[in-house]
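Remarks on the overall topology
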2 protein chains.
Amino acid sequence: MTSTEPDLGDIASAIDAFTAALGPDAVITDPEELKGFRDPYTYRESEQWDASCVVCPRSVEEVQAVVRIANEHAVPLWVFSQGRNNTYGGPAPRVRGSVIVNLRGMNRVLEVDEELAYAVVEPGVRWFDLYDALEAAGGRLWTSIPDLGWGSVIGNSTEYGRGYTPYGDHAENICGLEVVLPTGELVRTGMGAMTGSQSAHVYKHAFGPQLQGLFQSSGLGIITKMGFWLQRRPETYASCWLSFRGDDALKAVVDGMREFMLDGTVTNYPVILHGVTLDDDGNPSFTSEPDLWLARFALYGRSGVVDEQWAACERVFGAIPGVELRSRTYSGDDRTSHAGHEDRVMAGIPDMDILDLFKSVYGEDTAHLDFSPVGPLRGADVVETSHIVRDLYAKTGQQFFSGLMLSPRSVIHISTMFFDPHDEEQTGIVYENYSAMLQVMRERGYPIYRTSLHHMDAVADTFDFNEHALLRLNERIKDAVDPNGVLQPGKSGVWHRRYRDGR
Amino acid sequence: MTSTEPDLGDIASAIDAFTAALGPDAVITDPEELKGFRDPYTYRESEQWDASCVVCPRSVEEVQAVVRIANEHAVPLWVFSQGRNNTYGGPAPRVRGSVIVNLRGMNRVLEVDEELAYAVVEPGVRWFDLYDALEAAGGRLWTSIPDLGWGSVIGNSTEYGRGYTPYGDHAENICGLEVVLPTGELVRTGMGAMTGSQSAHVYKHAFGPQLQGLFQSSGLGIITKMGFWLQRRPETYASCWLSFRGDDALKAVVDGMREFMLDGTVTNYPVILHGVTLDDDGNPSFTSEPDLWLARFALYGRSGVVDEQWAACERVFGAIPGVELRSRTYSGDDRTSHAGHEDRVMAGIPDMDILDLFKSVYGEDTAHLDFSPVGPLRGADVVETSHIVRDLYAKTGQQFFSGLMLSPRSVIHISTMFFDPHDEEQTGIVYENYSAMLQVMRERGYPIYRTSLHHMDAVADTFDFNEHALLRLNERIKDAVDPNGVLQPGKSGVWHRRYRDGR
């Protein structure tokens, strides 16, 4: 994108048409009210990501109407489900002056199938809502959740968000989407494309190509329904912790955790944290101890199996010098007596506690920017990468706060840089430092898994194999599926040709 | 497609250009030799699926050269990796007269990462080759395999093929593709799109949309490299069997197996078989016992955990009237002393034994057509569906032979109809019966997961939600990504506009 004014089409006529189609209550144009849809984790006075208006459809038909009006008037739309992924842009649009499509009002849990362990949700359904629906349905199902319960299940999952149960790679739980295309047409992916299908939400693949991935973290469609797989409530759940200091222990814990994930002992998605400590109830607070690490994982299943698995963990991790182990065991039926956030989050019980921890840094409006490169899960490599990230992070002048999000073969090195979004200079330092970190990790071959509005183009640029062949393929598909370039221009660095020509 | 002659472009000039580019040894045009590339499981004298020539590229550059020549001369290409998915078309092209791209010569295992548990393979790599490479690398990794070891890892996995270990849903193991697009451009998907990426084969998602699914079971690209996730060799492996008779036991076993899969007791992909019996060594043979079912599953892990899990299976399945249980336990190190095919296949040790079983029906050339609708994994539903399929199958006049391929939430009801491919009438009856079965299961809301060349359009037609919106989206993408319509026209029912106009 050039710095010239973006192409917004005939925005005035579009607003009239939205109002006629959805009613005045569903269209927000008041400038003060629109400020509430800025990214709260960027400089608060910046108008860089301001919207022209917000429309609030309440049904699939209204979403289709919005998209058709946008096409008639060549107006760019930006979509959010709850708009809570604050470190990655929150509700704000990539192109200033876009129309925001706010899906918070489409918040029904359409189906809970306790026997087959899935739910079907609309985009406005929050983790809190899904949890409540599962408990109301009988309590035999657990959902995985991220740290904060206020976000959208669809938004988080399609943006590759993570939780901490065996279903913690949320995009992996998606089964069967209903999507409004940029042309206004309604499609269903996979097995749901058969009218009356009995298999829309139980079988993941498609007859022929599987198009689900096209609608993840993209501007190729507005998801209106999603099937989401859930965990059977276990007989026993054990919240397990390691604490240790220094590089040698970190290397050994990472390698040990990888082997336990690969051999099926640890089935959840563990986290290794730097910069926090826990009280006896498992509630975290910040610490300045420079070399302290905490590793968190969980065991689920029949009591005898959990006992066997914990014994194996004690043998392996207990043999690493300096590692302390702790576990707390709960009945799967227990949904109320967990010691604190950390024990709740691995049992799929949502809360907002982490936000309070963050607010302890710069007060109510504390913001943060997450730098999140992905690397292989090798102990030596994790230690080396962690030092590189920590040295880069130090340029913000802050205590290093980091979470390593483990999968069996990979790790996302998330480092969270705090700032006061009312402080323009401090905000600028953090955002610029991110750009510098990006280039260092690119040299190392560590790609970023998702990013803020500020850095979408810069991150997209790092995917440069064969002269950005993948980006060019994304652009070709974008031009074909969204002929007028109305949906989420610039999302994940993919621009319709209408916007590309100026670059 | 109409029944008029298909558009083959300037095939004669293309053959000259292939010969100039790849050398005469890499281009097969002899009519007798070309007959070897017919679908062996259709009527053997039919010329309906004959190719004009076969080209055999040996490198990515040669694949790109083939694709560019095809574009210059507007010639349709059909691609196979090993061409062994015989019940679904084998090596034969959908459009008669197409040029077959034979990738058997690109058969290198490019990488085995024992620590991170993945391999990178070329399309010609067979399950036999991958197994050998894993053993040579140290033996700490098991691959999941289908029943026959001669097929391509890439071909089988991208066509949603199934195996029987915890990694038995082969498409789920794909991580990082390299693909020659229909324009000849080379792309890498996901994290591999960064030059020098360390995460190409360890992290499944993408920055932005995930395009991997576009290249599964489609005509949108030729896969030249694929990352494939592997299982850590377990301490103990137990091959487990149930045998039982009648609907009540089938219903209870299905529901019990679902719960064990959902709670993590059974981590592999079980199968429930009808029409076979086993000798004491676990080798199958056909039986005419009308109500006999065999269920096969496996346990993997630390010995103490496997013991706990088997005890739970004995409690639940042993309480179902008439169910007999049996298990055989092996050390994970043991790769040679397994009792028979059935015990080997759940340990990832490939063989060709099942082909011998099939040849017992109509001799050396015995063919079969697999009917494979997908439904929910509910016991009552499985019993009812099984009766419907059996009644339809009976019209072939044969003994009912069926395998239910279980996942935690779904089941593929595969019924295998045998015939002599030299008998035109018998072959015709089986193919026509499939079409009738398809319509009945469509009414029931059971989609087909993959199918033969004969039935691709008919199956695609059953995905009819919103006037075939998904098919129309597939066509739009096809037209954009393959502008000259050269790659796999008609694959999975998706036709480029060049061929659509005649429909």
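My aim in this report is to walk through the structure given alongside it, one point at a time. (Residues numbered from 1 in each chain as written. Chains lettered and ligands numbered in written order. Predicted model: local features only at pLDDT ≥ 70, side-chain atom pairs only at ≥ 80, totals over all residues. Heavy atoms only, no water.)

It is worth spelling out the overall build of chain A at this point. The helix and strand inventory of chain A stands at 14 helices and 21 strands. Scaling as 2.2 N^0.38, a compact globule of 503 residues should have a C-alpha radius of gyration of about 23 Å, and chain A matches this with 23 Å. Once the C-alpha set of chain A is aligned to its principal axes, its extents read approximately 70 × 55 × 45 Å. Out of the 503 residues in chain A, the part that is buried amounts to 68%. In chain A, 71% of the contacts between residues at least 6 apart in sequence involve partners at least 24 apart. As displayed, chain A has an accessible area near 16000 Å², and 47% of this comes from carbon and sulfur atoms. (Helix = DSSP H or I, 4+ residues; strand = E, 2+ residues; numbered from the N terminus. Rg over C-alpha atoms; globule rule 2.2 N^0.38 Å. Buried < 20%, exposed > 50% of the residue type's maximum accessible area, 1.4 Å probe, protein only. Contact = heavy atoms within 4.5 Å. Areas by Shrake-Rupley, 256 points an atom, 1.4 Å probe, with all protein chains shown as cover.)

What follows concerns helix α3 (residues 60-73) of chain B. Residues and elements named next belong to chain B. Compared with the 20 Å implied by 1.5 Å per residue over 14 residues, the 20 Å span of α3 between its first and last C-alpha is a close match. For α3, the buried fraction is high: ten of the 14 residues fall into the buried class. Turning to α3, its buried residues are V60, E62, V63, Q64, V66, V67, I69, A70, N71 and H73. (Expected span 1.5 Å × (residues − 1).)

Quick look at the pattern of salt bridges now. Considering all chains together, one arrives at 84 salt bridges over all chains under this definition. Residues R44 of chain A and D365 of chain A are paired through a salt bridge, measuring 3.7 Å at the closest nitrogen-oxygen approach. With R44 of chain A in the loop between α2 (31-34) and β2 (53-55) and D365 of chain A in the loop between α9 (353-362) and β18 (367-371), the pair connects residues that are 321 residues apart, well separated along the chain. Residue classification places R44 of chain A among the partly exposed residues on the basis of a relative accessible area of 24%. Looking at D365 of chain A, the relative accessible area reads 26%, which means it is partly exposed. Between D113 of chain A and R378 of chain B there is a salt bridge, with the nearest N and O atoms lying 2.4 Å from each other. Placement of D113 of chain A in strand β5 (residues 109-113) and of R378 of chain B in the loop between β19 (374-376) and α10 (379-393) is noted, with the two residues assigned to different chains. Residue class for D113 of chain A comes out buried when judged on its relative accessible area of 8%. Connected via shared salt-bridge partners are D113, E115, R140 and R232 of chain A together with K251, D255, R258, E259 and R378 of chain B. (Salt bridge = Lys/Arg side-chain N within 4 Å of Asp/Glu carboxyl O.)

Below, the discussion takes up the relation of the copies chain B and chain A. At an RMSD of 0.0 Å, chain B and chain A line up after a rotation of 180° and a shift of 0.0 Å along the axis. These values place the two chain copies in the arrangement generated by a two-fold rotation axis. Of every C-alpha in chain B, the one belonging to V305 of chain B sits nearest the axis of rotation, 2.8 Å from it. Looking at the interface residues of chain B, 100% of them are also at the interface in chain A, so both copies use one shared face. (Least-squares fit on C-alpha atoms with pLDDT ≥ 70 in both.)

Right, let's get into the packing of helix α10 (residues 379-393) of chain A against helix α11 (residues 424-444) of chain A. For any two helices packed against each other, one specifies the crossing angle of their axes together with the interaxial distance. All names here are of chain A. Interaxial distance between α10 and α11 falls to 10 Å at its minimum, and their mutual angle equals 155°. Looking at the two axes, α10 sits roughly antiparallel to α11. In this structure, α10 meets α11 at a crossing whose hand is right-handed. Residues D381, E384, T385, I388, V389, L392 and Y393 of α10 lie in contact with α11, whose contacting residues are N433, M437, V440, M441 and R444. Grouping the amino acids of the contact of α10 with α11 by side-chain chemistry returns seven nonpolar, two polar and three charged. (Axes fitted to C-alpha atoms, helices over the stretch in contact; angles between N-to-C directions. Parallel < 35°, antiparallel > 145°, perpendicular 65-115°, else oblique. Left-handed = near helix turned anticlockwise from the far one by under 90°. Nonpolar A, V, L, I, M, F, W, Y, C, P; charged D, E, K, R; others polar.)

On to the interface of chain B and chain A. One frequently used descriptor of interface size is the decrease in accessible area upon assembly of the parts. Between chain B and chain A, the residue contacts involve 96 residues of the former and 96 residues of the latter. Note on chain B versus chain A: buried area summed over both sides is about 8400 Å², and carbon and sulfur give 60% of it. Contact with chain A buries area across many residues of chain B, yet F207, R409 and F465 of chain B alone supply 11% of it, more than any other trio. Viewed at the interface, chain A and chain B are joined by 18 salt bridges. (Buried area = accessible area lost by both parts, 1.4 Å probe.)

Two pairing modes exist for strands in a sheet, parallel and antiparallel, and in both the strands are linked by backbone hydrogen bonds. Residue and element names in this part refer to chain B. Taken in spatial order, the four strands make up an open sheet running β1-β2-β4-β3, and their pairing is mixed. Edge strands, defined here as strands with exactly one partner in the open sheet, are β1 (27-28) and β3 (77-80). Running at roughly 30° to strand β2 (residues 53-55), helix α1 (residues 11-22) makes contact with β1, β2, β3 and β4 (99-102) of the sheet. (Pairing = 2+ DSSP bridges.)

Moving on, we come to the nonpolar core. Core analysis: the largest hydrophobic core is formed by 178 residues, its most contacted members being F215 of chain A together with F215 of chain B. Once residues within four sequence positions are removed from consideration, F215 of chain A is found in contact with T158, L177, V179, L181, T189, L220, G221 and I223 of chain A together with L473 of chain B. (Core = buried A, V, L, I, M, F, W, Y, C linked by side-chain atoms within 4.5 Å.)

Here the focus is the packing of aromatic side chains. Counted according to the given criterion, the structure contains 39 aromatic pairs over all chains. Ring geometry for W142 of chain A and Y300 of chain A: centres 6.3 Å apart, planes at 80°, overall edge-to-face. Here W142 of chain A is found in strand β7 (residues 141-142), whereas its partner Y300 of chain A is found in strand β16 (residues 292-301), with 158 residues between them in sequence. Like W142 of chain A, the residue Y300 of chain A is buried in the burial classification. Judged by centre distance (6.3 Å) and plane angle (85°), the ring pair of Y88 of chain B and Y449 of chain B falls under edge-to-face. (Phe/Tyr/Trp six-rings, centres within 6.5 Å; stacked < 30°, edge-to-face > 60°.)

Here the focus is the sheet that holds strand β9 (residues 186-188) of chain A. Residues and elements named next belong to chain A. Spatially, the five strands line up as an open sheet ordered β5-β6-β10-β8-β9, and their pairing is antiparallel. Looking at strand neighbours, the two that pair on one side only are β5 and β9, the edges of this open sheet. On average, adjacent strands in this sheet sit at an angle of 10° to one another, irrespective of strand direction. Bridging between strand β8 (residues 174-180) and strand β10 (residues 222-229) involves five bridges; their strand directions are antiparallel. When the bridges of β10 are listed, L177 appears paired with M226.

For the rest of this paragraph, the subject is unusual backbone geometry. Residues and elements named next belong to chain B. Unusually for a residue other than glycine, A117 sits at a positive phi of about 65°. If you trace the backbone, A117 turns up in the loop between β5 (109-113) and β6 (118-121). On the accessibility criterion, A117 (0% relative accessible area) is buried. The backbone phi angle of Q488 is positive, close to 50°, even though this residue is not glycine.

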